[in-house]
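# Chain and residue survey
For reference, the chains in residue letters:
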Amino acid sequence: MAHDVTLIPGDGIGTEITAATLRVLEATGVEFAWDRVEVGEISLAAGGPVLPEAVYDSIRRTGVALKGPVATPVAGGHRSVNVTIRKTLDLYACVRPVRNLPGIKTPFEGVDLTIVRENTEGLYSGIEHMVTEGVAESLKVITHKGSTRIARYAFEYARKKGIGKVTAVHKANIMKVSDGLFLECVRAVREDFPEIDYNELIVDNCAMQLVRWPQQFGVLVMNNLYGDILSDLCAGLIGGLGVAPGANIGDVGAIFEPIHGTAPDIAGKGWANPTGMLLSACMLLDHLGEDAAAARLRASLDAVLEAGTVRTRDLRGEAGTEEFADALIAALAG
Ligand code: NAI
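## Some words on the sheet that holds strand β12 (residues 254-256)
- Pairing within the open sheet is mixed, and its 10 strands lie in the order β2-β1-β3-β12-β11-β4-β5-β10-β8-β9. This sheet does not close on itself; its edge strands, each paired only once, are β2 (32-36) and β9 (197-202). Across the sheet, the mean angle from the axis of one strand to that of its neighbour is 25°, orientation sign disregarded.
- Bridge count for strand β4 (residues 93-99) against strand β11 (residues 247-249) is 3 bridges, and the pairing is antiparallel. In the strand pairing of β11, Ala 93 is matched with Ile 249.

## Focus: the site of the ligand
- In the vicinity of the ligand, 21 residues are found, and the nearest of them are Val 70, Gly 261, Ala 263, Asp 265 and Asn 273.
- At a separation of 3.2 Å, a nitrogen atom of the ligand approaches a polar side-chain atom of Glu 257.
- Here the ligand loses 66% of its free accessible area of 820 Å² to cover by the protein chains.
- Taken together, the residues of the shell around the ligand sort by class into 10 nonpolar, 6 polar and 5 charged.

## A few points about helix α5 (residues 144-161)
- A rise of 1.5 Å per residue sets the reference length of α5, with its 18 residues, at 26 Å; its end C-alpha atoms lie 26 Å apart and thus fit the reference within 8%.
- Burial in α5 covers these residues: Gly 146, Ser 147, Arg 149, Ile 150, Ala 151, Tyr 153, Ala 154, Phe 155, Tyr 157 and Ala 158.
- A positive backbone phi angle near 70° is found at Gly 162, which sits one or two residues after α5.

## With respect to the domain arrangement of the protein chain
- For the protein chain, the domain assignment lists domain 1 (1-96 + 243-334) and domain 2 (107-238).
- Of note, the centres of domain 1 and domain 2, computed from C-alpha atoms alone, are 24 Å apart.
- At the junction of the two partners, domain 1 supplies 16 residues and domain 2 supplies 21 residues.
- The contact between domain 1 and domain 2 buries some 1600 Å² in all, and 53% of this surface belongs to carbon and sulfur atoms.
- Together, Tyr 92, Cys 94 and Arg 96 form the three largest contributors to the area buried by domain 1 at its contact with domain 2, with a combined 40%.
- One can count 1 salt bridge joining domain 1 with domain 2.
- A salt bridge links Arg 149 to Asp 90, with the nearest nitrogen and oxygen atoms 2.7 Å apart.
- At the boundary of domain 1 and domain 2, one finds 8 residue pairs in polar contact (both at pLDDT 80 or more).
- Contributions of two or more residues to the side of domain 1 that touches domain 2 are made by α4 (81-88), β4 and β11.

What counts as what
- Residues numbered from 1 in each chain as written.
- Predicted model: local features only at pLDDT ≥ 70, side-chain atom pairs only at ≥ 80, totals over all residues.
- Heavy atoms only, no water.
- Pairing = 2+ DSSP bridges.
- Helix = DSSP H or I, 4+ residues; strand = E, 2+ residues; numbered from the N terminus.
- Axes fitted to C-alpha atoms, helices over the stretch in contact; angles between N-to-C directions.
- Near = heavy atom within 4 Å.
- Polar contact = N/O pair within 3.5 Å; in protein donor to acceptor, adjacent residues only side chain to side chain.
- Areas by Shrake-Rupley, 256 points an atom, 1.4 Å probe, with all protein chains shown as cover.
- Nonpolar A, V, L, I, M, F, W, Y, C, P; charged D, E, K, R; others polar.
- Expected span 1.5 Å × (residues − 1).
- Buried < 20%, exposed > 50% of the residue type's maximum accessible area, 1.4 Å probe, protein only.
- Domains from an automatic or database assignment.
- Contact = heavy atoms within 4.5 Å.
- Buried area = accessible area lost by both parts, 1.4 Å probe.
- Salt bridge = Lys/Arg side-chain N within 4 Å of Asp/Glu carboxyl O.

Structure, rendered in structure tokens:
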């Protein structure tokens, strides 16, 4: 039976990598009934709202979505589409696995870590205002509930995947109350996971450790802003934004999407690397219980990347998005 899945192609390179990913998914033989919803600039250009209610209706019905990047128009005072979707559906766990891919040479080998980022509060709570002329204020909201559930998610993820270490990333030396509460909650949760090693790192030190010795890490749990920044840094460890997947997970559903944005500098050129989106699609297949298809797709992707003859420009190749998808489809068939 076909899987009901919401499809949000997104803006910019989103439409290009989505088209390529759909072709590849079709080649896996898994059947999908896509419920396509346009949001962001594409929806606005068609005379619709930047964030149509249909997105929520669809995800509440299907429970799962595959999404490309979305640009929130800067003019017009729109709230970030991505942050709003995650908050409205309470998709509190942003999960970003970072692993070396075969054939993509970087200064680092043996990277295999996962960032678990709190996705609904922190400095992205959207509470911002001018206090008086020339003075702006942005509130960082940390709650016991939000910190405890993200900590539990991180430890349970580590246990499920057999990962032996969880690191809490914070800035409690400066933000003693807010990050202090976060740490207190993580420490309480870790008591239930005695078999997992635990340590704590201040975020600036963590950034340095990541670029010196990333192999020391397993799961890193942190609040919203630190997770946003460090996940781009971690993508850099394995070949850049084009190869990093992610998921936003909550109790009502899950959205799978690459970590990168709409890449306006290359949008429309057909150059975008679909690997981050394809690996997000693998996470979607895992989530749907299509383990065999996910494994086949990952193996084919590894084979194409390792062969290195068809490679996108961000990885110093010359292939376009569609050409890369063709090579992958051939590998799946072979
Ligand atoms: P970006 O991730 O779009 O681009 C940064 C750099 O990485 C650019 O040079 C781009 O060409 C390159 N890049 C990104 N993805 C690539 C891919 N698949 N293949 C090859 N090269 C790739 O970040 P930027 O420019 O800061 O953001 C652009 C827009 O995207 C903004 O409107 C932002 O709000 C939005 N955005 C949306 C996200 C989402 O929907 N989840 C996440 C991040 C940004």
